[in-house]
Amino acid sequence: MTTAVKIEELEKLVFKALKNIGYSDNDATVMTRVMMHAEVHGNNQGISKLYRPQDMGFNPKAGELIFENESPQGVVVNGNQRSGMVALSAAVEKAITKAKATKFAICGTKNTYTSTGMLAYYASTVAKEDFIALVMAGSPEMVAPVGGKQAVFGTNAMCFAIPGPESGPLILDMATAAATLFGTISYKAAGKQLPEGVAIDKDGNPTRDPTAALAGAFQAFGSYKGAGLSLIVELLTQVLSGGAIPGGEGPEAHVGTGRKWREKNWANTVIAIDPSLLMPLAEFKARVAEVCTHVKGSGPRVTLPGEIEIQNRDKNLAAGALNISTGLFDNIRNLANKKSKL
């Protein structure tokens, strides 16, 4: 079952729920903005994160953000156990500022242990300033390599955003896993089975049961190619930006267990590139738009990356309301009204 909820009402409830979990006004505002962006665009990295409030990972002892190893073109944001969304938002702001001054920036985050949400939110923020954006999100052990049954990689999402098209930046936002944590939680909340071939149980057997998958591991999309991309994202986030890395002593890792889960140190990386390093900006954007137009016109059913999300956004904003799983909406409303127990 679903419940139609006005967007404005839902946004207020999400903010209140985050406040009741313990987040400050500033952090709750940033997190609400990120989650509602995903929800309006029809992405499963939105308010499903509030289905189980404990998954938000609020830490009452979290400190202020610390900016480390800063240079004209780079910085690592030490999240100091704050929300991953808050730390990554700060890294994006730094990347934009530095890229405006130097035409290139690479900024990382570390020392957070909660989801950063829909990466397109951050990449589009960079691209709307006329920079090419690459945002990568490391995460804890959830995905087994091809041929393995132990979780090693995170879902390790990556997002490219390229300015040019009149409708806004071209955005490719994808996890390197065949399933995501909060996507699986959404299936569980809706009482649905997972698609075939996206997860294994704790014994390494294929499963469609979301509960069994959450006790086992997800699989990489596209077999070896997806697993290879996942490894690259692992190296450019967890390794490069200073997060925890898989391995070490301990039992077999499954969803919810492993070194990265134990150390609570997940990492992200943002890269911003000024196209004018290679050609005038206007020429670059015109060429991007020309290619996108040609691709779109190459067949009657061609869809560009991010196009479906734009259609979802326009439809939802026109309706002024979103259809939310009734169970999820009840949880958020109860939490906003202090009726939920963390």
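Residues numbered from 1 in each chain as written. Predicted model: local features only at pLDDT ≥ 70, side-chain atom pairs only at ≥ 80, totals over all residues. Heavy atoms only, no water.

Colleague: For the sheet that holds strand S8 (residues 170–174), give the residues involved together with the corresponding values.
Modeller: Pairing within the open sheet is mixed, and its seven strands lie in the order S2-S3-S4-S11-S5-S7-S8. Strand pairing shows two members of the sheet lacking a second neighbour, strand S2 (66–71) and S8, which therefore form its edges. Shown here is a sheet whose adjacent strand axes are inclined to one another by a mean of 10°, direction ignored. Sheet topology places strand S5 (residues 132–137) next to strand S7 (residues 157–162); five bridges connect them, and they run antiparallel. Across the sheet, leucine 134 pairs through a bridge with phenylalanine 160, a residue of S7. Helix H3 (residues 84–102) contacts S2, strand S3 (74–78), strand S4 (104–112), S5 and strand S11 (266–273) of the sheet and is inclined by roughly 165° relative to S4. (Pairing = 2+ DSSP bridges. Helix = DSSP H or I, 4+ residues; strand = E, 2+ residues; numbered from the N terminus. Axes fitted to C-alpha atoms, helices over the stretch in contact; angles between N-to-C directions. Contact = heavy atoms within 4.5 Å.)

Colleague: Describe in detail a nonpolar patch on the surface, supporting the description with residues and values.
Modeller: On the surface, Ile106, Leu231, Ile232, Leu235, Leu236, Val239, Leu240 and Ile245 cluster together into a nonpolar patch covering about 630 Å² of accessible area. Sorting elements by how many residues they give to the nonpolar patch places helix H7 (residues 224–239) first, with five residues. Mapped onto the elements, leucine 235 comes out in helix H7. (Patch = residues over 30% accessible without salt bridge, like charges linked within 9 Å, V, L, I, M, F, W, Y side chains within 5 Å. Areas by Shrake-Rupley, 256 points an atom, 1.4 Å probe, with all protein chains shown as cover. Salt bridge = Lys/Arg side-chain N within 4 Å of Asp/Glu carboxyl O.)

Colleague: I'd like a description of the pattern of salt bridges, backed by residues and values.
Modeller: Inspection of the entire model under this criterion finds 16 salt bridges. The shortest N-O distance in the salt bridge between glutamate 64 and arginine 82 comes to 3.9 Å. Linking glutamate 64 in the loop between helix H2 (25–40) and S2 with arginine 82 in the loop between S3 and H3, this pair joins segments that are 18 residues apart in sequence. The partner of aspartate 203 in a salt bridge is lysine 202, and the shortest N-O contact between them spans 3.7 Å. A single network of salt bridges, built from pairs that share partners, joins Asp27, Glu64 and Arg82.

Colleague: Explain the side chain of threonine 326 to me, and be specific about the residues and the numbers.
Modeller: Of note, threonine 326 is situated in helix H11 (residues 326–336). In contact with threonine 326, not counting residues within four places along its chain, are Met1, Thr2 and Thr3.

Colleague: Got a sec to walk through the sheet that holds strand S6 (residues 143–144)? Specific residues and values, please.
Modeller: Note on sheets: strands pair through backbone hydrogen bonds, and any given pair is parallel or antiparallel. Overall, mixed pairing links the three strands, which are arranged S6-S10-S9 in an open sheet. This sheet does not close on itself; its edge strands, each paired only once, are S6 and strand S9 (199–200). Pairing analysis gives two bridges linking S9 to strand S10 (residues 217–219), with the strands arranged antiparallel. For isoleucine 200, the partnering residue across the bridge sits in S10 and is alanine 217.

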